[in-house]
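Letter by letter, the chains look like this.
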Amino acid sequence: MASNKRLLMLPGDGIGPEVMREVRRVIEWMDKRRAVSFDLSEDLVGGSAIDAHGTPLTDETMTTAMEADAVLLGAVGGPKWDNLPFDQKPERGLLRLRKEMDLYANLRPAMCFDALVDASSLKPELVSGLDIMIVRELTAGVYFGEPRGIETLPNGQRKGINTQTYTTSEIRRVCRVAYELAQKRDNRVCSVEKANVMESGVLWREEAQWVHDQEFAGVELGHMYADNCAMQLVRAPKQFDVIVTDNLFGDMLSDCAAMLTGSLGMLPSASLGDTDATGRRRALFEPVHGSAPDIAGQDLANPIAMLLSFAMALRYSFDLAEDADLIETAVQNVLAGGLRTADIMQPGKAKVSTNVMGEALVGELNKLAA
Ligand code: IPM
Ligand code: MG
């Protein structure tokens, strides 16, 4: 079957290649069983690209990513590259992709799967049925603000500098994404900043309110300081529907929200840009977890976050909601059947490897599609 679905796979470092391998299995399955085929290419990013090419992302890879309909990324980084100068670190590859593809809206769902309610460090009643969407601004703020650097002062002291900046349009466009998502969910948005101490936070609050009043007055909007939000997330997480926040607060709050669900190994993310004139929307999908160097190469990693990231790609980039549903159901069924990778292991369940979990998922897909 002819395909115009260009999918670039960037497995990256650590457990990235292992979890990506299981996604490839599902892609092959889709090709055979669902007649959905992709133009697949694979390339290097992060430490693996540094080792091969001396840079965390080559210009060629950047070009391929710009032309792809979707990019699937594993993870970047590891101790081997920790001592490199800042602008040569593996993470710069990921940040370059986000920035040059202009992927300003990072969607990080935190959902608690029924079978994993007991894996959460919170009481089951606090997390059962949890379904939060964190929308993190991804291309501005302190991650990219200038000036930045480390300088030496005349008195010999050194000074580290980063700058938090946000413009009207940077805030408005990510808030629009949050309000649109809320309309398809429980219609509630909580905008998060530190307007009590930061001017950029004051602007954030005003612009979030402006977009709401002008364009989304039907959505319920609240504002919260970021420190309070962190506290509320572990006190009563189900009070939230959609949270919209800046790059740095979003980084921290999404890790916090992820852990409510029992495991970082379960959570996918989508990073989206604007839709262009041809209807194409640049997009990158990656698990929220990192490269987990401590367990890399041991067939221990949980491939589910990577697979659910691929399901998000089917939903947001390829308009294949039915196939995305199928994958999500397969994940739920395999968990209900008692299989667990080490990170989500519970008493009485069967501990399996990355590879066996991947096989079980394909087996379940076979059953569902029969
Ligand atoms: C994330 C990660 C990245 C970030 C790192 C790897 C640069 O923590 O995606 O949350 O800080 O954005
Ligand atoms: Mg992070």
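Since we're looking at a predicted model, the values are computed, not measured.

**Considerations on the site of ligand 1**
Logical step 1: Inspection of the region around ligand 1 gives E91, R98, R108, R136, Y143 and D251 as its neighbouring residues.
Logical step 2: The separation between an oxygen atom of ligand 1 and a polar side-chain atom of R98 is 2.7 Å.
Logical step 3: Y143 is positioned with one of its side-chain polar atoms (N or O) 2.6 Å from an oxygen atom of ligand 1.
Logical step 4: Considered on its own, ligand 1 offers 320 Å² of accessible surface; in the complex 75% of this is hidden by protein.

**Comments concerning the packing of helix α8 (residues 226–235) against helix α9 (residues 247–260)**
Pairs of packed helices are described in terms of their axes, by the angle between the two and the distance that separates them.
Logical step 1: In the contact formed by α8 and α9, the axes pass within 10 Å of each other and the chain directions differ by 10 degrees. With respect to α9, the axis of α8 lies roughly parallel. The segment α8 lies against α9, with A226, C229, A230, L233 and V234 engaging F249, L253, C256, A257 and L260.

**Looking at helix α7 (residues 199–215)**
Logical step 1: The end-to-end C-alpha distance of α7, which contains 17 residues, comes to 24 Å, matching closely the 24 Å that a straight helix rising 1.5 Å per residue would cover.
Logical step 2: For α7, every residue scored as buried is listed here: S200, G201, W204, E207, A208, V211 and H212. Down the axis of α7, the sector holding all buried residues measures 135 degrees, keeping them to one side. Facing away from the buried side of α7 by more than 90 degrees, the exposed set consists of E199 and Q214.
Logical step 3: The inward-facing, buried residues of α7 abut β5 (131–137), α6 (168–183), β8 (188–193), β9 (220–225) and β10 (242–245).

**Considerations on unusual backbone geometry**
Logical step 1: Of the consecutive residues E146 and P147, the connecting peptide bond is found in the cis state with omega at 0 degrees.
Logical step 2: Relative to the elements of secondary structure, P147 occurs in the loop between β5 and β6 (149–152).
Logical step 3: Unusually for a residue other than glycine, A292 sits at a positive phi of about 40 degrees.
Logical step 4: Tracing the backbone shows A292 in the loop between β12 (281–287) and α10 (304–316).

**Regarding the nonpolar core**
Logical step 1: L107, V135 and F310 are the most contacted members of the largest nonpolar core, which has 73 residues in total.
Logical step 2: When residues of this core are assigned to their parent elements, the largest contribution, 9 residues, is made by α10.
Logical step 3: In this structure, this core is formed jointly by two domains, domain 1 (1–105 + 267–370) and domain 2 (131–260), each of which donates at least three residues.
Logical step 4: If we ignore the near neighbours within four places in the chain, the residues touching V135 are N106, L107, V174, V177, A178, L181, V242, I243, V244 and T245.
Logical step 5: In this structure, C112, I132, V192 and C229 belong to the second largest nonpolar core, which totals 20 residues.

**Here we look at the pattern of salt bridges**
Logical step 1: Going through the model one piece at a time under the given rule, you end up with 21 salt bridges.
Logical step 2: A salt bridge links E193 to R205; the nearest nitrogen and oxygen atoms lie 2.7 Å apart. Pair noted here: E193 is in strand β8 and R205 is in helix α7, with a separation of 12 residues, a long-range link.
Logical step 3: Residue E193 is classed as buried on the basis of its relative accessible area of 2%.
Logical step 4: Since its relative accessible area comes to 26%, R205 is described here as partly exposed.

**Section: the domain arrangement of the protein**
Logical step 1: Annotation of the protein at the domain level lists domain 1 (1–105 + 267–370) and domain 2 (131–260).
Logical step 2: Distance between the C-alpha centres of domain 1 and domain 2: 25 Å.
Logical step 3: Listed as interface residues are 15 residues of domain 1 and, on the opposing side, 14 residues of domain 2.
Logical step 4: Between domain 1 and domain 2, a total of about 1300 Å² is buried, with carbon and sulfur atoms accounting for 63% of that surface.
Logical step 5: The largest share of the area that domain 1 buries against domain 2 comes from R98, K99 and Y104, three residues that together contribute 42% of it.
Logical step 6: Linking domain 1 with domain 2 are 1 salt bridge.

The rules behind each value
- Residues numbered from 1 in each chain as written.
- Chains lettered and ligands numbered in written order.
- Predicted model: local features only at pLDDT ≥ 70, side-chain atom pairs only at ≥ 80, totals over all residues.
- Heavy atoms only, no water.
- Near = heavy atom within 4 Å.
- Polar contact = N/O pair within 3.5 Å; in protein donor to acceptor, adjacent residues only side chain to side chain.
- Areas by Shrake-Rupley, 256 points an atom, 1.4 Å probe, with all protein chains shown as cover.
- Axes fitted to C-alpha atoms, helices over the stretch in contact; angles between N-to-C directions.
- Helix = DSSP H or I, 4+ residues; strand = E, 2+ residues; numbered from the N terminus.
- Parallel < 35°, antiparallel > 145°, perpendicular 65-115°, else oblique.
- Contact = heavy atoms within 4.5 Å.
- Expected span 1.5 Å × (residues − 1).
- Buried < 20%, exposed > 50% of the residue type's maximum accessible area, 1.4 Å probe, protein only.
- Arc of directions from axis to C-beta.
- Core = buried A, V, L, I, M, F, W, Y, C linked by side-chain atoms within 4.5 Å.
- Domains from an automatic or database assignment.
- Salt bridge = Lys/Arg side-chain N within 4 Å of Asp/Glu carboxyl O.
- Buried area = accessible area lost by both parts, 1.4 Å probe.

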